[in-house]
Amino acid sequence: MKRVLLALLLVITACSSPARLDGFRHEYADVDGVRMHYVTGGSGTPVVLIHGWPQTWYGWWPIMPALAEHHTVYAIDLPGLGDSTGTARSYDKATLARYVHALTGRLGLRNPAIVGHDLGAAVAFQFASQFPQDTARLGYLDLPLPGPQVSAATYRNLSWHIAFHMQPQVPEAVVGDDVREYLKLFYPQVSFNGSAFGGTNTTSPFSDEEIDEFARTYRKPAVLKAGFDLYRALGQDVTDNDNAKPVTVPTLIMAAQGQAEAIRGTAAPRMTNIVRAVDVPHAGHWLAEENPRFVTAELLRFLSE
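Keep in mind that this is a model prediction, so the values were computed, not measured.

Brief notes about the packing of aromatic side chains
Phase 1: Tallied over the entire structure, the rule returns 18 aromatic pairs.
Phase 2: The ring of Tyr 28 carries Arg 35 above its face, with NZ or CZ at 4.0 Å from the centroid.
Phase 3: Note that Arg 137 overlies the ring of Phe 302, its terminal NZ or CZ placed 4.8 Å from the centroid.

Have a look at this one:
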């Protein structure tokens, strides 16, 4: 009986453990009433990586080792997401940027480069807008910037999932206990040549192990809700970005193949120092997973300029 209980305990421990990455360590910091989880490694000037939905810090793992050869990397979990705990005061990106800024202060980072993907890119933009003196460079990956060029109504119509995720309570009720299956079906849709882009690809760029890791946290009801709250705040994001100070630090835009100029068009009114806007070849939305070599090379080039 003791042997069975020990085996069960080991299984539970393994299932609840965050993903491991050689050369990196998992750390936590208390920030404004939430406990923020981040993964750090490497040496050199600091780079902060901010995930989007439905990902966590782990969405950056394909490029973290190469970045860490030249920089100290901090891949964070946003408040209430991943292995961070607690609930943010709001999930608008201006508020989340203040949590990230408070975290960088706690860590003693001086002028980090801020890199965000998906809705994390909107957080990165707000960080650079609110705290230009604490931002060395901005990496903005694959997100039409909500307002001033894209209204909340327009944003809802960009994809079915945006309108769906913005609904109160409904997505939690529908997804419920089928989180892993939902994520497994969703990832291919916005991959290269996926159905969200009018294509026919049904192959996920994520392995089963990667999907397991994302599902591990998103199957928690509080985390699932926080993820959808990122979308429910898009109306406020439009207002905040309409009123945001222009970002003047050097900025790199990367986007799915064929989308860089469109993304630049939404960003340019609020980003006045765009160094480059580049398509990631043979990549849909999941830039770091679908073409990690290209993304790494572009980031390293940009960060060294």
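Focus on empty space enclosed by the protein
In this approach the atoms are scanned with a rolling probe the size of a water molecule, which exposes any empty space left behind.
Phase 1: On inspection of all chains with the given rule, the structure shows 1 cavity of 30 Å³ or more.
Phase 2: Along its surface, the largest cavity is lined by His 51, Gly 52, Gln 55, Gly 59, Trp 60, His 117, Leu 141, Trp 286, Leu 287, Ala 288 and Glu 289.
Phase 3: The element best represented in the lining of the largest cavity is helix α13 (residues 287-290), accounting for 3 residues.
Phase 4: Considering only residue class, the lining of the largest cavity consists of 5 nonpolar, 5 polar and 1 charged.

Focus on helix α4 (residues 119-130)
The α-helix advances 3.6 residues per turn, and as a result positions three or four apart in sequence lie on the same side.
Phase 1: Between its terminal C-alpha atoms α4 stretches 17 Å, which fits the 16 Å expected from 12 residues at 1.5 Å a residue.
Phase 2: Burial analysis of α4 places 11 of its 12 residues in the buried class, the great majority of the element.
Phase 3: Among the residues of α4, those classed as buried are Leu 119, Gly 120, Ala 121, Ala 122, Val 123, Ala 124, Phe 125, Gln 126, Phe 127, Ala 128 and Ser 129.
Phase 4: For α4, the elements touching its buried residues are β3 (45-50), α3 (93-106), β5 (113-117), β6 (138-141), α10 (221-232) and α11 (234-242).

Some points on unusual backbone geometry
Phase 1: Here the amide bond leading from Trp 53 into Pro 54 is cis, since omega sits at -10 degrees, within 30 degrees of zero.
Phase 2: By the secondary structure assignment, Pro 54 is in the loop between β3 and α2 (64-68).
Phase 3: Cis peptide bonds are those with omega within 30 degrees of zero, and the linkage from Gly 147 to Pro 148 qualifies with 10 degrees.
Phase 4: If you trace the backbone, Pro 148 turns up in the loop between β6 and α5 (152-156).
Phase 5: You will see that Asp 118, though not glycine, has its phi angle at about 60 degrees, which is positive.
Phase 6: Summarising the element assignment, Asp 118 is placed in the loop between β5 and α4.
Phase 7: Judged by relative accessible area, Asp 118 falls into the buried class, the value being 7%.

A look at α11
Phase 1: Among all positions in α11, only Leu 234, Asp 237, Val 238, Asp 240 and Asn 241 are buried.
Phase 2: Contacts made by the buried residues of α11 are with α3, α4, α5, α6 (160-165) and α10.

Details of the sheet that holds β5
Note: strands within a sheet are paired through backbone hydrogen bonds, in either parallel or antiparallel orientation.
Phase 1: With mixed pairing, the 8 strands of this open sheet are ordered in space as β1-β2-β4-β3-β5-β6-β7-β8. The two strands at the open ends of the sheet, each matched to only one other strand, are β1 (25-31) and β8 (274-280). On average, each strand axis in the sheet is tilted by 20 degrees relative to the strand beside it, whichever way the strands run.
Phase 2: Pairing of β3 with strand β4 (residues 71-76) involves 6 bridges; the strand directions are parallel. Bridging across to β4, Thr 45 finds its partner in His 71.
Phase 3: On the sheet, α3 packs against β1, β2 (34-42), β3 and β4 and is oriented at approximately 110 degrees with respect to β1.
Phase 4: Running at roughly 170 degrees to β8, helix α14 (residues 292-304) makes contact with β3, β4, β5, β6, β7 (251-256) and β8 of the sheet.

Notes on the pattern of salt bridges
Phase 1: A complete count under the given rule lists 15 salt bridges for this structure.
Phase 2: Here Glu 27 makes a salt bridge to Arg 25, at a shortest N to O gap of 3.0 Å.
Phase 3: Glu 27 gets classed as partly exposed once you look at its relative accessible area, which sits at 27%.
Phase 4: Close ionic contact of Arg 264 with Glu 261 constitutes a salt bridge, the shortest N to O distance being 3.5 Å.

Cut-offs and rules
Residues numbered from 1 in each chain as written. Predicted model: local features only at pLDDT ≥ 70, side-chain atom pairs only at ≥ 80, totals over all residues. Heavy atoms only, no water. Phe/Tyr/Trp six-rings, centres within 6.5 Å; stacked < 30°, edge-to-face > 60°. Lys NZ or Arg CZ within 6 Å of the ring centre and 35° of its normal. 1 Å grid on protein atoms, 1.4 Å probe; cavity = no way out; pocket = protein on both sides within 12 Å on 5 of 7 lines; lining within 4 Å. Points joined across faces, edges and corners; volume = space filled by probe spheres on them. Helix = DSSP H or I, 4+ residues; strand = E, 2+ residues; numbered from the N terminus. Nonpolar A, V, L, I, M, F, W, Y, C, P; charged D, E, K, R; others polar. Expected span 1.5 Å × (residues − 1). Buried < 20%, exposed > 50% of the residue type's maximum accessible area, 1.4 Å probe, protein only. Contact = heavy atoms within 4.5 Å. Pairing = 2+ DSSP bridges. Axes fitted to C-alpha atoms, helices over the stretch in contact; angles between N-to-C directions. Salt bridge = Lys/Arg side-chain N within 4 Å of Asp/Glu carboxyl O.

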